[in-house]
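Residue-level structural notes
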Amino acid sequence: TLVGNTDPTDNSGNVGTLGSANLSADFDAQTVDADVSLSFDQTNEVWDASAQDVDINGADATFAGEFDSVTVTDGASGDVSNGSGDLGGFFTGNDAGDISGAGMSYSLSDDAGTDVSGSAAFQVEPDGT
């Protein structure tokens, strides 16, 4: 569950809003899936990024990789363009190996030279048991 974040910021100094961020880990497969959706009122853009099967480094309790899909939608024209990006993060927990949360940073770019970055904090969802 998302519990905190920085506001996404682009290389022109525009500050956006993180609409959503999700992170799920498969510790058996040693991978994470992640997605972020953010918007900028100043540029009227919506950025969406998703990644699947990003490798976990179990020894360091970290993960890093590239987004599989990054799209930028112009709210005025409806035009959609592709971008690129990467993500990295870490897991938090105790010495017994119980995971309590995670932190993730992301960097996104489009073909027009805009770079966006931000971070998000997650806590483990209760499993109901």
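From a predicted model like this one, the values you see are computed outputs, not experimental measurements. (Residues numbered from 1 in each chain as written. Predicted model: local features only at pLDDT ≥ 70, side-chain atom pairs only at ≥ 80, totals over all residues. Heavy atoms only, no water.)

What follows concerns the side chain of Asn14. Take Asn14: it is sitting in the loop between β2 (9–10) and β3 (17–26). Each residue touching Asn14, except ones within four places of it in the same chain, is listed here: Pro8, Thr9, Phe40, Gln42 and Thr43. (Helix = DSSP H or I, 4+ residues; strand = E, 2+ residues; numbered from the N terminus. Contact = heavy atoms within 4.5 Å.)

On to the pairing of strand β7 (residues 69–74), then. Note on strand geometry: in a regular strand, side chains alternate between the two faces of the sheet. Of the strand pairs in this sheet, strand β5 (residues 45–57) and β7 are connected by 6 bridges, and their pairing is antiparallel. From the neighbouring strand, Val46 faces β7, where its bridge partner is Thr73. Alignment of β7 against strand β8 (residues 80–93), held across 3 bridges, turns out to be antiparallel. Along β8, the bridge assignment pairs Thr73 with Val80. Once β7 ends, the chain turns through 5 residues before running back antiparallel as β8, passing Gly78 with a positive phi of about 85 degrees. (Pairing = 2+ DSSP bridges.)

Turning our eyes to something else, we now look at the layout of surface pockets. The space that makes up the largest pocket amounts to roughly 350 Å³. What lines the largest pocket is a set of 16 residues, among which Leu23, Ser24, Ala25, Gln123 and Val124 lie closest to the centre. Where the lining of the largest pocket is concerned, the elements lending two or more residues are β3, β9 (99–110) and β10 (115–123). If you tally residues by element for the lining of the largest pocket, the top one is β3, at 5 residues. For the lining of the largest pocket, the residue count by class is 10 nonpolar, 5 polar and 1 charged. (1 Å grid on protein atoms, 1.4 Å probe; cavity = no way out; pocket = protein on both sides within 12 Å on 5 of 7 lines; lining within 4 Å. Points joined across faces, edges and corners; volume = space filled by probe spheres on them. Nonpolar A, V, L, I, M, F, W, Y, C, P; charged D, E, K, R; others polar.)

Considering all chains together, one arrives at 2 aromatic pairs under this definition. Residues Phe63 and Phe91 carry aromatic rings whose centres are separated by 5.4 Å and whose planes lie at 50 degrees to one another, so their mutual orientation is tilted. In this pair, Phe63 sits in strand β6 (residues 62–66) while Phe91 sits in strand β8, placing the two residues 28 residues apart along the sequence. For the pair shown, Phe63 and Phe91 are each scored as buried. Here a set of aromatic residues connected by ring pairs shows up, and it is made of Phe27, Phe63 and Phe91. (Phe/Tyr/Trp six-rings, centres within 6.5 Å; stacked < 30°, edge-to-face > 60°. Buried < 20%, exposed > 50% of the residue type's maximum accessible area, 1.4 Å probe, protein only.)

Such coordinate-based values are descriptive only and should not be taken to indicate function.
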